[in-house]
Amino acid sequence: MGYTNRELLKEGSMQLMAAGITEADTDAWLLFSACMGLNRTEYLMRSDAVVPDDKAEEYLGKLKRRAGREPVQYIEETAPFMGFDFYVNENVLIPRMDTEILVSEAIKRARIMFSQRQHDVSFRILDMCTGSGCIAQSTYLLLKNEGCTVEVDAVDISEKALEVAGINASRLGAQVKLIRGNLFENVDNKYSMILSNPPYIRTDVIADLEPEVREHEPMLALDGTADGLYFYREITDKAWEYLENNGILMYEIGYDQALEVSDMLRQKGYTDIAVIKDFAGLDRVVAAKRP
């Protein structure tokens, strides 16, 4: 083919731009750097070097997939989250920065709870609808790194999602118990904290999502039924019996769901209800206590 690094990267940007990819230059670079194993400095030093034909073919193949609106994370099978790299494929949602708000807030509250109890009292966390395992495993690893002794269980209805979560647990050394089941059907512990990023997109909105999401991410993890609130209702109702006294239930929510989810929690009897905003200033997490 005879491309230099500079020519091939330029070709990548042009192809993705022609395909209507908004972040064409960024995505072209991400795929290029992963394929060639070059960082920015190395690329600048070797921009005129000729790319081996097999590498050029590999990169052009990845460009074709991205031009078809397949997300970069699925093409590269990796996504960053809370400082860790998680393996992902089409069977799990791609971890997003918004979800880091849930984990960060969970860790803040876990620190407080640890400080208020004896060290010999077990501290258990449940992650409901775990997907890739990013919430459960990053929470476990970050608390463990702070010297906290914690047990974490993670539930999903999808066997394929749990396979992905299992790969991540192995790679990251996260000792998280994976449970297959429909919500709480196979759960038998009491927990200090229950976390969940459940499916919350209204069914009638899904057709308007970006093709990267609509056509590639698993519908099972997106569709929150007609009003987007089905899983919040189910989890809020059932979590009560699985939470310890003063245990905390925390959700990631859609930007317009804070009022409805907060009311749902209040009506069930939860207290200390708080809404936390994301980096864009939108409502993103609701936390509540089981008194």
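Our subject is the structure listed above.
Computed from a prediction, not measured in an experiment: that's the story for all the values here.

Criteria and thresholds
- Every residue gets a number counted from 1 within its own chain, in the order that chain's sequence is written.
- Reporting in this predicted model follows two pLDDT cut-offs: at least 70 for local features of residues, and 80 or more for side-chain atom pairs to be given and counted; totals over whole chains, interfaces and linings ignore these cut-offs and use all residues.
- Excluding hydrogens and water, the side-chain values take into account all heavy atoms of the structure.
- Paired rings are identified among Phe, Tyr and Trp, the last through its six-membered ring, by centres lying within 6.5 Å, and are further divided according to the angle between planes into stacked (under 30 degrees), edge-to-face (over 60) and tilted (the rest).
- Numbering of helices and strands runs from the N terminus; a helix is a DSSP stretch of H or I covering at least four residues, while a strand is a stretch of E covering at least two.
- Two limits define a charge over a ring: the Lys NZ or Arg CZ must be within 6 Å of the ring centre, and within 35 degrees of the ring normal.
- Here, a strand pair is defined by DSSP locating no fewer than two bridges between the strands.
- Axis definition: a line fitted to C-alpha atoms, over the contacting stretch in the case of helices. Angles run 0 to 180 degrees between N-to-C directions.
- Residue contacts are defined here by distance: any two heavy atoms, one from each residue, within 4.5 Å place the two residues in contact.
- Note on definitions: the grid is 1 Å and covers protein atoms alone; a cavity is a set of points where a 1.4 Å probe fits but cannot get out; a pocket is an open set with protein on both sides within 12 Å along at least five of seven lines; lining residues have an atom within 4 Å of a point.
- Grid points are joined across faces, edges and corners, and a volume is the space filled by probe spheres set on the points.
- Residue polarity follows a fixed list, in which Ala, Val, Leu, Ile, Met, Phe, Trp, Tyr, Cys and Pro are nonpolar, Asp, Glu, Lys and Arg are charged, and the others, Gly among them, are polar.

Student: Describe the packing of aromatic side chains, and please don't skip the residues or the numbers.
Tutor: All chains considered together, the criterion is met by 10 aromatic pairs. A centroid spacing of 4.4 Å and a plane angle of 25 degrees characterise the contact between F114 and F123, whose relative ring orientation is stacked. Between Y232 and Y251 the ring centres are 4.9 Å apart and the planes differ by 85 degrees, which places this aromatic pair in the edge-to-face class. Taken together, the positions of Y232 in helix 10 (residues 230–239) and Y251 in strand 7 (residues 243–252) put the pair 19 residues apart, joining distant regions of the chain. A network of ring pairs unites the aromatic residues W29, F32, Y43 and Y59 as a single cluster. Against the face of W29 rests R40, its NZ or CZ located 3.9 Å from the ring centre.

Student: Would you mind going over the sheet that holds strand 9 (residues 283–289) in detail, with residue names and values included?
Tutor: Spatially, 5-4-3-6-7-9-8 is the arrangement adopted by the 7 strands of the open sheet, whose pairing is mixed. Taken across any chain shown, the strands that pair with only one partner, and hence form the sheet edges, are strand 5 (176–180) and strand 8 (271–277). Neighbour to neighbour, the strand axes of the sheet diverge by 15 degrees on average, direction disregarded. Taken together, the 5 bridges between strand 3 (residues 124–128) and strand 4 (residues 151–156) define a ladder with parallel strand orientation. Bridge assignment links D127 to a residue of strand 4, and that residue is A154. Against the sheet, helix 11 (residues 258–268) contacts strand 7, strand 8 and strand 9, and its axis sits at roughly 10 degrees relative to strand 9.

Student: Can you explain the layout of surface pockets? Please cite residues and give values.
Tutor: Empty space within the largest pocket amounts to approximately 1,000 Å³. Taken together, 48 residues form the lining of the largest pocket, with L93, P198, P199, A221 and L222 sitting closest to its centre. Listing elements by their share of the lining of the largest pocket, those giving two or more residues are helix 6 (97–115), helix 7 (134–145), strand 4, helix 8 (159–172) and helix 10. Classifying every residue of the lining of the largest pocket by side-chain character gives 26 nonpolar, 11 polar and 11 charged. Taken as a whole, the second largest pocket encloses approximately 790 Å³ of empty space. Forming the walls of the second largest pocket are 27 residues, and the residues nearest its centre are D27, R66, P71, V72 and Q73. Of all the elements in the fold, those that place two or more residues in the lining of the second largest pocket are helix 2 (24–36), helix 5 (72–76), strand 1 (79–81), helix 6 and helix 9 (211–214).

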